[in-house]
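Spelled out, the chains give:
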Amino acid sequence: MPDTLATSTHTCSDAEWQTRVELAALFRVVAHYGMSDLANGAISARVPDQPDHYLVHPYGMFWEEARASDMIKINAEGQPVDRDAPWLNDGVQNLCKWILGSRNDANFFVHGHEEEVMAVGSIEEGILPLNQPAVYLGNITGYIEYEFEEDDAFGEHFIRQLGNNQILVSHNHGYYALGDTAAAAFFRAYFLRQTCSTQIKTLSMGRELHLIDPQKVARYQDQMAASEHYNYNGKTEWPGLLRMLDRSGSDHAT
């Protein structure tokens, strides 16, 4: 199969085009579940045959209108490869450098501002062991203080706080969910919102909390990691989400 036209001015490899399609699908699925924030937030992917290059969205694009051909390729410094590229959000340019540039195991990430995650990220305890998704997320989630100025010093701090975590919750702000696939990044973002929503509802009842025992939490985390059914990487659900997009007549793959 020959190189595929990705934009009006740029051709790309088959591998890059497939990643563009996956990335656009990820935007659409996030929007479908009400996890977008107008044109804010960020979703990005690594170019598979150029691992130090990344795909980002043009600033102002709404998640529900994302298409493979809309994605803009940037280099390791966060600068667009095409000099005629549209306006980019400097936030996503920085995140690509910090997340994808420091974590070879991450190929996709979602940065969102869901109200439920902002609420739980605004209490000192953060996520409490109150439900199954909280158990799964407990040992792959870190926290960082919210800062508006994203200078080099903050970038270094961000990389340190991210460490080996798959999720980083920014207090009073939002979150970053990583994945080796689009499916994994979405799955973690989806269940982060679910556990935060459930925690808010639980606390709103004003009753004594029934927390899961820490020893059970540790044992369950080990069991989930080894389980074919509870590995939480989204590979079971992702094909169904793509079928959902196809049924809706989505043009994300264009």
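To keep things clear, this report deals only with the structure shown in the data block.

Assigned secondary structure in the chain consists of eight helices and nine strands. Whereas a compact globule of 254 residues would reach a radius of gyration of roughly 18 Å, the chain reaches 18 Å, a difference of no more than 12%. For the chain, the spread of C-alpha atoms along the three principal axes comes to 60 × 45 × 30 Å. The buried share of the chain, taken over its 254 residues, is 50%. Here the chain contributes 18 positive and 35 negative side-chain charges, whose respective centroids are spaced 7 Å apart.

Listed in full, the buried residues belonging to helix α5 (residues 152-162) are F154, G155, F158 and L162. The buried side chains of α5 occupy one side of the element, clustering within an arc of 105 degrees when seen end-on. Relative to its buried face, α5 has exposed residues pointing more than 90 degrees away, namely D152 and R160. Among the residues trailing α5, G163 stands out with phi positive, at a value near 50 degrees.

Next up on the list: the sheet that holds strand β9 (residues 174-179). Strand order in the open sheet made by the seven strands is β5-β4-β3-β6-β9-β8-β7, with mixed pairing throughout. Whereas interior strands pair on both sides, the edge strands pair on one side only; in this sheet they are β5 (72-74) and β7 (141-144). Adjacent strand axes in the sheet meet at a mean angle of 20 degrees when their direction is disregarded. Sheet topology places strand β8 (residues 167-170) next to β9; four bridges connect them, and they run antiparallel. Directly across from L168, in β9, lies its bridge partner Y176. Sitting on the sheet, helix α1 (residues 14-32) is in contact with β3 (42-47), β4 (50-56), β5 and β6 (108-112), with an inclination near 165 degrees to β3.

Attention shifts here to helix α7 (residues 214-226). An ideal rise of 1.5 Å per residue puts 18 Å on 13 residues; α7 measures up with 19 Å between its terminal C-alpha atoms. Three or more residues of α7 are buried, namely V217, Q221 and M224. Looking straight down α7, one finds that the buried residues subtend no more than 70 degrees of arc, so they occupy a single side. For α7, the exposed residues set more than 90 degrees away from the buried face come down to Q215, D222 and A226. Against α4 (132-138) lie the buried residues of α7. With a side-chain oxygen lying 2.9 Å from the backbone nitrogen of Q215, the N-terminal cap of α7 falls on D213.

Quick look at the packing of α1 against helix α8 (residues 238-247) now. Where α1 meets α8, the closest approach of the two axes is 10 Å, and the angle between their N-to-C directions is 80 degrees. What the angle tells us is that α1 and α8 run roughly perpendicular. On the side of α1, the interface is formed by E22, A25, L26, R28, V29 and H32, while α8 contributes W238, L241, L242, M244 and L245.

Take the pattern of salt bridges next. By the definition in use, this model includes five salt bridges. One salt bridge connects K73 with E16, and the closest N-O pair in it is separated by 3.0 Å. Of this pair, K73 sits in strand β5 while E16 sits in helix α1, and the two are 57 residues apart along the sequence. With a relative accessible area of 9%, K73 lands in the buried category. Among the charged side chains, a salt-bridge network with shared partners connects E16, R20 and K73.

Put simply, helix α2 (residues 90-100) and α5 touch, their axes get as near as 9 Å, and they point 45 degrees apart. By the angle class used here, α2 and α5 are oblique. Considering only the axes of α2 and α5, their crossing is right-handed. Packed against α2, whose contacting residues are L95, W98 and I99, the element α5 presents F154, G155, F158, I159 and L162 at the interface.

Bringing unusual backbone geometry into the picture now. A positive phi is found at L38, a non-glycine position, where the angle reads about 50 degrees. Structurally, L38 is set in the loop between α1 and β3. Accessibility expressed as a relative area gives 57% for L38, which makes it exposed.

Conventions and cut-offs
- Residues numbered from 1 in each chain as written.
- Predicted model: local features only at pLDDT ≥ 70, side-chain atom pairs only at ≥ 80, totals over all residues.
- Heavy atoms only, no water.
- Helix = DSSP H or I, 4+ residues; strand = E, 2+ residues; numbered from the N terminus.
- Rg over C-alpha atoms; globule rule 2.2 N^0.38 Å.
- Buried < 20%, exposed > 50% of the residue type's maximum accessible area, 1.4 Å probe, protein only.
- Lys, Arg positive; Asp, Glu negative; His and termini not counted.
- Charge placed at Lys NZ, Arg CZ, Asp CG, Glu CD.
- Arc of directions from axis to C-beta.
- Pairing = 2+ DSSP bridges.
- Axes fitted to C-alpha atoms, helices over the stretch in contact; angles between N-to-C directions.
- Contact = heavy atoms within 4.5 Å.
- Expected span 1.5 Å × (residues − 1).
- Polar contact = N/O pair within 3.5 Å; in protein donor to acceptor, adjacent residues only side chain to side chain.
- Parallel < 35°, antiparallel > 145°, perpendicular 65-115°, else oblique.
- Salt bridge = Lys/Arg side-chain N within 4 Å of Asp/Glu carboxyl O.
- Left-handed = near helix turned anticlockwise from the far one by under 90°.

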